[in-house]
Amino acid sequence: MDYVEQINLENKRKLQALLKELPKFCAIFFRYLDTKNTSSRTRLSYGYDLRLFFGFIQQSNPLYANMAMQDIPISVLDEMTPMDIEEYLAYLSYYEKRDGRALTNGEKGKSRKLSSIRTMYNYYFKKELIKTNAPSMIEAPKKHKENIIHLDKDEVAELISAAENGSSLTERQLASHQKTRYRDTAILMLLLGTGIRVSECVGLDLLDVSFKNNGLRVVRKGGNESTVYFGEEVAGALFDYLELERPLLAKKVLPEHENALFLSLKHSRLTTRSVEKLVKKYTGAANISKKITPHKLRSTYGTNLYKETGDIYLVADALGHKSVETTRQHYTAMDDDRRKLAGKYSGSIFHGAPPT
């Protein structure tokens, strides 16, 4: 069983546990989602979103306060009004989990959770199991464009230098750095040089890497396979890791993780959380003030590729976006910069030379 299969199996197990909590009528909705070829991660996200929604109903409606969530009848959906849905969205701004942790949602989080209950309502409404569709009458929270946070070339150089040399790391960090510096450098260069997702990075196996054509076999979101190509700098970093460090990390590797490309000091496949910590550690050591995550390294790759080529379709393909519109939403701000530059150059018709 490969990494993707293991993750899918774990997600299915978590969803099965969730379905034991959710109202019984939700079972047919999740069977419907399964027929739509949604990913296991997507279905699990729906499960968490709906548990939060029905938990809100229990908190806000005395009729269901002392009722087990599983026993909530489907008629509750018809009882919800557009005002109730708006109240739910307001509730999402700040609420506490069962363990007492406080959570907040901005525009993006609220939109996604509204989308989850809309999809559920639409299914039951079309099947004529409910008579009303309150979420369809609510506009999604307006999402404001966010500036793409990425590293400039100097910051990239400083980040890689911190990983290679261990500069500015604490004494404790240096102890592990001596055992993982080639691995850490290879990961950072791979994320920056290919734009793959952190989940795709940790899911790589040894046989997914080909130095013959400098390519990676990557399993994208949704399970589709793709070949991603890398340059000589990335190839060098991967080769150094495979030759000089991975054999040491693999000495006591657990059998189920022996094919993993990137190994941890715990003799298992590296996790996404570990890579997130790794990126945070080295951006701190490099004294980079921006809040950088693995996804921001992906944005750095996409930004540089778009600046170099101006080809939004190439960027969409390289990043593994199913729709070019997803890419366009993220990188249209850069189009504005290009238009402004065109405006500056238009002045050369009067002055004879373009601005520098």
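Model, not experiment: these values are computed from the prediction.

Novice: Just give me the short version of the overall build of the chain, but keep the residues and values in it.
Specialist: When helices and strands are tallied, the chain shows 17 helices and 5 strands. C-alpha extents for the chain along the principal axes are approximately 70 × 65 × 40 Å. Going through the 356 residues of the chain one by one, you find that 41% of them count as buried. Long-range pairs, those at least 24 residues apart, make up 60% of the contacts in the chain between residues at least 6 apart in sequence. Element-wise, carbon and sulfur atoms account for 51% of the exposed surface of the chain, whose accessible area totals about 20,800 Å².

Novice: Would you mind going over the nonpolar core in detail, with residue names and values included?
Specialist: In terms of nonpolar packing, the biggest core is built from 45 residues, with L188, L190, I196, L238, F262 and L297 touching the most fellow members. Looking at this core, the elements that each hand over two or more residues are α8 (153-165), α9 (171-194), α10 (198-202), β4 (215-219), α11 (232-244) and α13 (272-285). Counting residues in each nonpolar core, the second largest holds 37 residues, with L44, L77, Y95 and A134 among its members.

Novice: With reference to specific residues and values, describe the pairing of β4.
Specialist: Strand direction decides the pairing type here: strand β3 (residues 209-210) and β4, joined by 2 bridges, are antiparallel. Bridging across to β4, S210 finds its partner in G215. The antiparallel pairing of β3 with β4 creates a hairpin that spans 4 residues between the two strands, and N214 there sits at a positive phi of about 50°. Counting the residues in the hairpin turn of β4 and strand β5 (residues 225-229) gives 5 residues, including G222, whose phi is positive at 95°.

Novice: Account for the environment of V76, naming residues and giving values.
Specialist: Tracing the backbone shows V76 in helix α5 (residues 75-79). With relative accessibility at 1%, the residue V76 sits in the buried group. Separated by 12 residues in sequence, V76 and Y64 have C-alpha atoms that sit 9.3 Å apart. The contact partners of V76, leaving out residues within four places of it in the chain, are F54, I57 and Y64.

Novice: How would you summarise helix α2 (residues 26-35) if you had to cite specific residues and measurements?
Specialist: Think of an α-helix as 3.6 residues a turn; residues three or four steps apart then line up on the same face. For α2, every residue scored as buried is listed here: C26, F29, F30 and L33. In a view along the axis of α2, the buried residues occupy a sector of 95°, so they form one face of it. In α2, those exposed residues whose orientation departs by more than 90 degrees from the buried face are R31 and T35. The secondary structure elements touched by the buried residues of α2 are α1 (3-19), α3 (40-60) and α7 (107-126). Positive phi shows up at N37, right after α2, with a value of about 60°.

Reading the values: the criteria
Residues numbered from 1 in each chain as written. Predicted model: local features only at pLDDT ≥ 70, side-chain atom pairs only at ≥ 80, totals over all residues. Heavy atoms only, no water. Helix = DSSP H or I, 4+ residues; strand = E, 2+ residues; numbered from the N terminus. Buried < 20%, exposed > 50% of the residue type's maximum accessible area, 1.4 Å probe, protein only. Contact = heavy atoms within 4.5 Å. Areas by Shrake-Rupley, 256 points an atom, 1.4 Å probe, with all protein chains shown as cover. Core = buried A, V, L, I, M, F, W, Y, C linked by side-chain atoms within 4.5 Å. Pairing = 2+ DSSP bridges. Arc of directions from axis to C-beta.

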